[in-house]
Amino acid sequence: MNYIKFSKNNLSVEKMSALSLTKKYKTPFYCYSLAQLKSNFYNFSNAFKQIKPLICFSVKSNSNFHLLKELKKIGSGADVVSAGELLKAIKAGIQTKKIVFSGVGKTNEEIKLAIAKKVLLINMESESEANLINKISKKMSRITSVGIRLNPNIIGKTNKKISTGGKDDKFGLNKNDCINLCKKINKMTNIKLEGLSVHIGSQITNTKPFKNVLSVIDGIIKKTKINFKFIDLGGGMGISYSKKDKKLNLNQYAKIVNKFIKNKKTKIIFEPGRFIAGNTSILVSKIIYIKKSDKKTFIILDAGMNDLLRPALYNAHHNIVPLVKNNKIMKGNFEFVGPICESSDKFLVQKTFSKIREGDYVGITDVGAYGMSLASNYNTRPIIAEVLVHGSGHKLIRKRQSLESLINN
Ligand code: LLP
């Protein structure tokens, strides 16, 4: 179900017209649908209902405190990669027994915090990290539950910059090192190996690489004879950003996992980010200027790459739609750009667009994951507001940063 769509000619977020929100909130701002967030979470858990996995929402994809609280209410755990994300997830009420801590470069302080908070698993990515967790646990008189992150040398067909499971990527341990570390952990007195984790990349829309990962995991289980209490399959489940994008067949993925889990006493963990948050938001922006050059028409928005980095960083595609559609179509070479002093501050190139004028508003779509969480103060611009719509109600869930707070340091 889609909760952000045109109702007649007005782009609506649930029962609110996006245009009416521009009268209440200063653009640019992120605008989320709560119903969409919940529906995505339920769709995910329904697809896997046979195995009842622990779903740990990947906080890096969207760390808005209110959204985390909403996800907690419907049973989500959290996948965190920093002390900040861990503390935020806990503050949002997520039980620490539903939190996994991932990341290649956890610091001393972060490990201490994760141990003190008794997270479900610390997913380790190197032998040095295992030694450090063991040492800190000893000092704290604790036995810490850990997982090992495997690098399966499997590449999900996705953007190179968001692929993490190839042998040259910095993530995890290759099969042999993983098996060796499994053996060495037996001798480490203060850590308990409970999990095997993997995450091969993001925005994967084909189930084949996921299937291949499971067969590598089966190989490891056979070799080590360890019955892992948890197998954490990470995130990576892709969404469609445009009509051209293939849709991930989640039911097919579920079938593959169901088969894998047969005769095993393992709890599956997933760490979806994009699948849960991706299509929950639009970035509402105003057209400041329309500038014609020889070959192009630049449509200059008040949102920039500091508000939404994905197009500039990954060449990522996000549709742009007018908040109010009309039947007049303009043809040309339209470039939707931001105000930032970088040529890469470009969102989209279009050959046709609904007729628009300076002062009109547009929505950049599917920006709920890695939108706000990648935002910055570049060009000394404030972090923008986030608004949550539910039904015909709306509330501010992040206040726009004040200019004063920016200019003092
Ligand atoms: N688990 C781990 C260990 C991860 O590294 C990630 C994402 C996830 C889970 C969640 O992945 P998801 O389900 O969202 O695909 N900034 C990029 C995406 C980077 C993903 C980093 N890791 C983008 O905007 O496309």
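Residues numbered from 1 in each chain as written. Predicted model: local features only at pLDDT ≥ 70, side-chain atom pairs only at ≥ 80, totals over all residues. Heavy atoms only, no water.

Side note on the site of the ligand
Line of reasoning, step 1. Residues in contact with the ligand amount to 18 residues; listed here are only the nearest, S202, E271, R310, Y314 and Y370.
Line of reasoning, step 2. A distance of 2.5 Å separates a nitrogen atom of the ligand from a polar side-chain atom of E271.
Line of reasoning, step 3. In this structure, R274 approaches the ligand through a side-chain N or O atom, which is 2.8 Å from an oxygen atom.
Line of reasoning, step 4. In isolation the ligand exposes 590 Å². Once the protein is present, 91% of that is buried.
Line of reasoning, step 5. Given that more than half its atoms are within 2 Å of the pocket grid, the ligand belongs to the second largest pocket.
Line of reasoning, step 6. Residues of the shell around the ligand, tallied by class, amount to five nonpolar, seven polar and six charged. (Near = heavy atom within 4 Å. Polar contact = N/O pair within 3.5 Å; in protein donor to acceptor, adjacent residues only side chain to side chain. Areas by Shrake-Rupley, 256 points an atom, 1.4 Å probe, with all protein chains shown as cover. 1 Å grid on protein atoms, 1.4 Å probe; cavity = no way out; pocket = protein on both sides within 12 Å on 5 of 7 lines; lining within 4 Å. Sits in = over half its atoms within 2 Å of the grid points. Nonpolar A, V, L, I, M, F, W, Y, C, P; charged D, E, K, R; others polar.)

Topic: the packing of aromatic side chains
Line of reasoning, step 1. Tallying each qualifying case throughout the model produces eleven aromatic pairs.
Line of reasoning, step 2. Seen from their ring centres, Y25 and F29 are 5.8 Å apart, and the 55° between their planes marks the pair as tilted.
Line of reasoning, step 3. Among the aromatic residues, those joined into a cluster by ring pairs are F44, F48, F210, Y253, F270 and F275.
Line of reasoning, step 4. In this structure, K264 is placed above the aromatic ring of F260, and the distance from its NZ or CZ to the ring centre is 3.8 Å.
Line of reasoning, step 5. The lysine or arginine in question, K325, covers the ring of F6, its NZ or CZ lying 4.3 Å from the ring centre. (Phe/Tyr/Trp six-rings, centres within 6.5 Å; stacked < 30°, edge-to-face > 60°. Lys NZ or Arg CZ within 6 Å of the ring centre and 35° of its normal.)

Topic: the layout of surface pockets
Which parts of space are left empty comes out when a probe the size of a water molecule is rolled across the atoms.
Line of reasoning, step 1. Of the volumes computed, that of the largest pocket is approximately 1200 Å³.
Line of reasoning, step 2. Every element with two or more residues in the lining of the largest pocket is listed here: β1 (4-7), α2 (34-47), β13 (281-292), β15 (320-322) and β17 (346-354).
Line of reasoning, step 3. For the lining of the largest pocket, the element with the most residues is β17, which contributes five residues.
Line of reasoning, step 4. Counted by class, the lining of the largest pocket contains 16 nonpolar, 17 polar and seven charged residues.
Line of reasoning, step 5. Looking at the lining of the largest pocket, you find at least three residues from each of domain 1 (4-32 + 278-407) and domain 2 (34-276).
Line of reasoning, step 6. Within this model, the second largest pocket holds a volume of roughly 720 Å³.
Line of reasoning, step 7. Residue lining of the second largest pocket: 38 residues in total, with K60, T164, F171, H199 and Y370 positioned closest to the centre.
Line of reasoning, step 8. Mapped onto the lining of the second largest pocket, the elements with two or more residues apiece are α10 (274-277) and α11 (310-314). (Points joined across faces, edges and corners; volume = space filled by probe spheres on them. Helix = DSSP H or I, 4+ residues; strand = E, 2+ residues; numbered from the N terminus. Domains from an automatic or database assignment.)

Quick notes on the environment of I276
Line of reasoning, step 1. Checked against the element boundaries, I276 lands in helix α10.
Line of reasoning, step 2. For I276, a relative accessible area of 0% gives the class buried.
Line of reasoning, step 3. Along the chain, I276 and H66 lie 210 residues apart, while their C-alpha atoms are 15 Å from each other.
Line of reasoning, step 4. Setting aside residues up to four positions removed in sequence, I276 forms contacts with L37, N40, F41, F44, F57 and L71. (Buried < 20%, exposed > 50% of the residue type's maximum accessible area, 1.4 Å probe, protein only. Contact = heavy atoms within 4.5 Å.)

Points about the pattern of salt bridges
Line of reasoning, step 1. Applying the stated criterion across every chain yields a total of twelve salt bridges.
Line of reasoning, step 2. Measuring nitrogen to oxygen at the nearest pair gives 3.1 Å for the salt bridge that ties E125 to R149. Placement of the pair is E125 in the loop between β8 (121-124) and α6 (127-139) and R149 in strand β9 (residues 144-149), with a sequence separation of 24 residues.
Line of reasoning, step 3. Assessed through its relative accessible area of 5%, E125 is described here as buried. (Salt bridge = Lys/Arg side-chain N within 4 Å of Asp/Glu carboxyl O.)

With respect to the side chain of S285
Line of reasoning, step 1. Along the polypeptide, S285 turns up in strand β13.
Line of reasoning, step 2. Here S285 falls in the buried class, since its relative accessible area comes to 0%.
Line of reasoning, step 3. Within the local environment of S285, its side chain forms a polar contact with the side chain of D302, the two groups lying 2.6 Å apart.
Line of reasoning, step 4. Aside from chain neighbours lying at most four places away, what touches S285 is T27, L301, D302, A303, D360, Y361 and V362.

Some points on the nonpolar core
Line of reasoning, step 1. Counting residues in hydrophobic clusters, the biggest one holds 100 residues, and the most contacted among them are F48, I148, I217, L233 and F336.
Line of reasoning, step 2. When residues of this core are assigned to domains, at least three map to each of domain 1 (4-32 + 278-407) and domain 2 (34-276).
Line of reasoning, step 3. Beyond its immediate sequence surroundings of up to four residues, I217 is in contact with L150, L196, V198, I231, L233 and F260.
Line of reasoning, step 4. The next biggest cluster of nonpolar side chains, apart from the first, holds 17 residues, and it includes I4, C31, V284 and L323. (Core = buried A, V, L, I, M, F, W, Y, C linked by side-chain atoms within 4.5 Å.)

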